[in-house]
Amino acid sequence: MTTLFATAQTLMPGGVNSPVRAFQSVGGEPLYITGAQGAYLNDASNRQFIDYVGGFGPMILGHSHPEVVQAIQEQAAQGLTYGTCNPLEVELATLITSIMPSIEMLRMVNSGTEAAMTAVRLARAATKRPKIIKFTGCYHGHTDALLVAAGSGATTLGIPSSPGIPDAVTQDTLSIPFNDAHALQRCFQSHGRDIAAILLEPICGNMGLITPQPGFLETCQTLCREYDSLLVFDEVMTGFRVALGGAQSLYGIQPDITILGKIIGGGLPVGALGGRRELMEMLAPVGPVYQAGTLSGNHLTMAAGLATLKICQAKSAALYSQLNVYTKALCDYMQTTAQRLNIPIQVQSVGGMFGFFFSDSPVQCYEQACQSDTKRFAQFFQSMLAQGVYLPPSAYEACFVSGAHGDVELRHTCDAIQQAMAAL
Ligand code: KE4
């Protein structure tokens, strides 16, 4: 064991500041990254890896993009935080609302968790109803009310519903299978007028990658309209990732509230929630729904997010086409190699994010995801890592491609896939 990790384990639970980093489900020791450029990570042992985690989504342009770094450096020279308003938060809000028409107004916070927590409070206040429908395996951060059958690290570690949360808090959180329109209809038939909102990842990225079945998102929207509930899209991961306008632009569904994070901070701590004006103006100081944050709208984060989103917008046609082409080529190679070696695998991708399950049947919900072969995933993960390719250290995460991934990285990754699969 490296001294870094041994020391870390004496100072931080599991030696980490976020559980999925601990490599517990894939074995071995976590990486200690000391630098990152473009598509690459460099670790404390001077090893280099092609990175398919990208900070779990924010690094869509690749690491250390010069314009993003420069924007942060320039702002840092102007002070690190003011606790006041600043022009950059206005500029970023203007840009986001111009890209996502469902967002007339937004509030910046410091994480996706904060944004999801606030969205739930706002939906309950707006509808005067207590219940929230979520989908099993979706992850919306670690706020008490949403740590019910949660994905990502919660599932990775086998604790999808955490201890320490009173039943009184979770009794109004209804978790049903993703892609199960009948279960959703039954839930509304049972609880209809008590349901404040449906909260979902429109494309699930926290139980591997699972796409909505045709019509499923429309059913969510129709039932919300029928019962006067709110539709809340958690686009922390998919926003500006799967398309410039996020999943809502891909599927043509306008949610009432959108949760954002990751890319809009360019790699710095961020979250946001946005929606129709009359909803958002229920938030203090205009309305009575309280929410606050010392570092919300911090100008360094705003600068990094602005620099990132401006490039995504300016180069959107080329960038998203490049992400799509690269990701499809990689996934096609993974699928055909597995087929040639008689290894059952399900590969899915949307834009610059992809996921795969070692499973002989399609994976459309959490229960099916949990039946995939996670031991085989761990073997594959370690073999890819040994060949200089870093995948998310869990079968219940999504992989991410950046604009800095090119032909050299694709060829290296495909060669590594061939080797890793042949060794399974
Ligand atoms: P944060 O609080 O971690 O900023 O965001 C929570 C969140 C909310 N919604 C979605 C759809 C998310 O994917 C996330 C966080 N994603 C995980 C990766 N699956 C963060 C990585 C981690 O927990 O270390």
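Just above sits the structure.
This is a predicted model, so every value here is computed, not measured. (Residues numbered from 1 in each chain as written. Predicted model: local features only at pLDDT ≥ 70, side-chain atom pairs only at ≥ 80, totals over all residues. Heavy atoms only, no water.)

### A word on the sheet that holds strand β9 (residues 257–261)
The strands making up a sheet associate through backbone hydrogen bonding, with each pair oriented either parallel or antiparallel. The mixed open sheet is built from seven strands, whose spatial order is β4-β10-β9-β8-β7-β5-β6. Where the open sheet ends on each side, the last strands, each with one partner, are β4 (105–109) and β6 (173–176). The sheet shows a mean angle of 20 degrees between the axes of neighbouring strands, taken without regard to direction. (Pairing = 2+ DSSP bridges. Helix = DSSP H or I, 4+ residues; strand = E, 2+ residues; numbered from the N terminus. Axes fitted to C-alpha atoms, helices over the stretch in contact; angles between N-to-C directions.)

### A word on the site of the ligand
The immediate surroundings of the ligand are formed by 17 residues, with Ser-18, Thr-113, Asn-206, Asp-234 and Glu-397 found nearest. For the ligand, a nitrogen atom lies 3.3 Å from a polar atom in the side chain of Ser-152. Here Asn-206 contributes a side-chain N or O atom positioned 2.3 Å from a nitrogen atom of the ligand. The residue makeup of the shell around the ligand, split by class, is five nonpolar, eight polar and four charged. Taken together, domain 1 (3–64 + 316–423) and domain 2 (66–314) each give at least three residues to the shell around the ligand, which thus spans both. (Near = heavy atom within 4 Å. Polar contact = N/O pair within 3.5 Å; in protein donor to acceptor, adjacent residues only side chain to side chain. Nonpolar A, V, L, I, M, F, W, Y, C, P; charged D, E, K, R; others polar. Domains from an automatic or database assignment.)

### Here we look at the nonpolar core
Ranked by internal contacts, the top residues of the largest apolar core, which has 73 residues, are Tyr-52, Ile-96, Phe-240, Phe-356 and Phe-380. Both of domain 1 (3–64 + 316–423) and domain 2 (66–314) provide at least three residues apiece to this core. Listed in part, the 30 residues of the second largest apolar core include Cys-187, Phe-188, Leu-200 and Val-363. (Core = buried A, V, L, I, M, F, W, Y, C linked by side-chain atoms within 4.5 Å. Buried < 20%, exposed > 50% of the residue type's maximum accessible area, 1.4 Å probe, protein only.)

### A word on the packing of aromatic side chains
In total, this model carries 13 aromatic pairs according to the counting rule given. Taken together, a centroid distance of 5.0 Å and an interplanar angle of 35 degrees make the contact between Phe-188 and Tyr-227 tilted. Of the two residues, Phe-188 is situated in helix α7 (residues 181–191) and Tyr-227 in the loop between α8 (216–226) and β8 (230–234); the sequence distance between them amounts to 39 residues. Judged by relative accessible area, which is 16%, Tyr-227 ranks as buried. Within the aromatic cluster, the residues linked to one another by ring pairs are Phe-356, Phe-358, Phe-377 and Phe-380. (Phe/Tyr/Trp six-rings, centres within 6.5 Å; stacked < 30°, edge-to-face > 60°.)

### Considering the packing of helix α11 (residues 299–314) against helix α12 (residues 316–340)
The contact between α11 and α12 brings their axes to 5 Å, and the two run at 90 degrees. Judged by the inter-axis angle, α11 sits roughly perpendicular to α12. Along the contact surface, α11 presents Ile-311, Cys-312, Gln-313 and Ala-314, while α12 presents Ser-316, Leu-319 and Tyr-320. The residue makeup of the contact of α11 with α12, split by class, is five nonpolar, two polar and no charged. (Parallel < 35°, antiparallel > 145°, perpendicular 65-115°, else oblique. Contact = heavy atoms within 4.5 Å.)

### A short note on the pattern of salt bridges
Following the criterion strictly, the structure yields seven salt bridges and no others. Of the charged contacts, one joins Glu-91 and Lys-310 as a salt bridge, the two residues approaching to 2.8 Å between their closest N and O atoms. On the criterion of sequence distance, the pair formed by Glu-91 in helix α3 (residues 87–99) and Lys-310 in helix α11 is long-range, its members being 219 residues apart. Relative accessible area serves as the criterion here: at 34%, Glu-91 is assigned to the partly exposed category. A salt bridge links Arg-276 to Asp-256; the nearest nitrogen and oxygen atoms lie 2.5 Å apart. Remark: Asp-256 occurs in the loop between α9 (246–251) and β9 and Arg-276 occurs in the loop between β10 (271–275) and α10 (277–280); sequence separation between them is 20 residues. One continuous salt-bridge network, built from bridges that share partners, spans Asp-256, Arg-276 and Glu-278. (Salt bridge = Lys/Arg side-chain N within 4 Å of Asp/Glu carboxyl O.)

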